[in-house]
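# Summary of the model geometry
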Amino acid sequence: MKKKAILRGMLGFPLGIALCHVITIVISIAIGDGYHLSAIPELVYDFNNELNAVIFQTALYGVLGASFSSASVIWEVENWSIVKQTGIYFMITAATMLPVAYFGHWMDRSVFGFVIYFVVFVAIFIFMWLVQYAVWKNKIKKINKGFIR
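Below: a short report on this structure. Being a predicted model, the structure only gives us computed values, none of them experimental. (Residues numbered from 1 in each chain as written. Predicted model: local features only at pLDDT ≥ 70, side-chain atom pairs only at ≥ 80, totals over all residues. Heavy atoms only, no water.)

A few words on the pattern of salt bridges. Throughout the structure, instances matching the rule amount to two salt bridges. The salt bridge partner of Lys4 is Glu76, with a shortest N-O separation of 2.8 Å. Of this pair, Lys4 sits in helix 1 (residues 2-31) while Glu76 sits in the loop between helix 3 (50-71) and helix 4 (82-103), and the two are 72 residues apart along the sequence. A salt bridge links Arg8 to Glu76, with the nearest nitrogen and oxygen atoms 2.3 Å apart. With Arg8 in helix 1 and Glu76 in the loop between helix 3 and helix 4, this pair connects stretches of sequence that are 68 residues apart. One network of salt bridges, in which partners are shared, links Lys4, Arg8 and Glu76. (Salt bridge = Lys/Arg side-chain N within 4 Å of Asp/Glu carboxyl O. Helix = DSSP H or I, 4+ residues; strand = E, 2+ residues; numbered from the N terminus.)

If you want it as structure tokens, here you go:
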């Protein structure tokens, strides 16, 4: 399982970069007024220039991709309950996402900002979990129908 997590993390790193870059493009289309918003202005300020901020942000994207991908092996531990799998996956991804969001200036650096970001993260996590649960439940139902005939 360790080897599989490492391999997934290695694949997840560039996938995280690609996905998050697409997100910056979408954000730029939505609010950029014709400009590409490559990094949060506060991050550019922290690094004294846009290039260094984008390099740092790209590394953060990779860390997110690697974390989410590596943690996905948890769903394959068959002797764990869905509650245990969900809890551990949530803790790993939240433990990565929240510091990345903080250092990337994706949240307001205050207690209130942290709480708001955490609530949004939890809401998105629950939504995605429910969607995946429904998809897999439907697939299992179809498989079981095939065996009943």
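It is worth spelling out the packing of helix 1 against helix 3 at this point. Contact geometry of helix 1 with helix 3 gives a least axis separation of 6 Å together with a crossing angle of 130 degrees. As judged from the angle between their axes, helix 1 and helix 3 are oblique. The chirality of how helix 1 crosses helix 3 is right-handed. Taking contact as the criterion, the partners of Ala5, Arg8, Gly9, Gly12, Phe13, Gly16, Ile17, Cys20, His21 and Thr24 in helix 1 are, on helix 3, Gln57, Thr58, Ala59, Tyr61, Gly62, Val63, Gly65, Ala66, Ser69 and Ser70. When its residues are assigned to classes, the contact of helix 1 with helix 3 shows eight nonpolar, eleven polar and one charged. (Axes fitted to C-alpha atoms, helices over the stretch in contact; angles between N-to-C directions. Parallel < 35°, antiparallel > 145°, perpendicular 65-115°, else oblique. Left-handed = near helix turned anticlockwise from the far one by under 90°. Contact = heavy atoms within 4.5 Å. Nonpolar A, V, L, I, M, F, W, Y, C, P; charged D, E, K, R; others polar.)

Turning our eyes to something else, we now look at the environment of Gln57. Among the secondary structure elements, Gln57 is positioned in helix 3. For Gln57, a relative accessible area of 3% puts it in the buried group. Measuring from C-alpha to C-alpha, the distance between Gln57 and Asp46 comes to 12 Å, with eleven residues separating the pair along the chain. In contact with Gln57, other than residues within four places in its own chain, are Thr24, Ser38, Ala39, Ile40, Leu43 and Trp106. (Buried < 20%, exposed > 50% of the residue type's maximum accessible area, 1.4 Å probe, protein only.)

Turning our eyes to something else, we now look at unusual backbone geometry. With a phi close to 50 degrees, Asp33 is a non-glycine residue in the positive phi region. Relative to the helices and strands, Asp33 is located in the loop between helix 1 and helix 2 (41-47). Phi angles above zero are rare outside glycine, and Asn48 is one such case at about 70 degrees. Considering the arrangement of structural elements, one finds Asn48 in the loop between helix 2 and helix 3.

Next up on the list: the nonpolar core. Judged by nonpolar contacts, the single largest core of 15 residues is most densely connected at Phe90, Ala94, Met97, Leu98, Met107, Tyr117 and Phe121. Elements with a minimum of two residues in this core: helix 3, helix 4 and helix 5 (111-148). Considering every element that reaches this core, the biggest residue donor is helix 4, with seven residues. Leaving out residues up to four positions away in the same chain, Met97 has contacts with Leu64, Phe68, Trp106, Tyr117 and Phe121. (Core = buried A, V, L, I, M, F, W, Y, C linked by side-chain atoms within 4.5 Å.)

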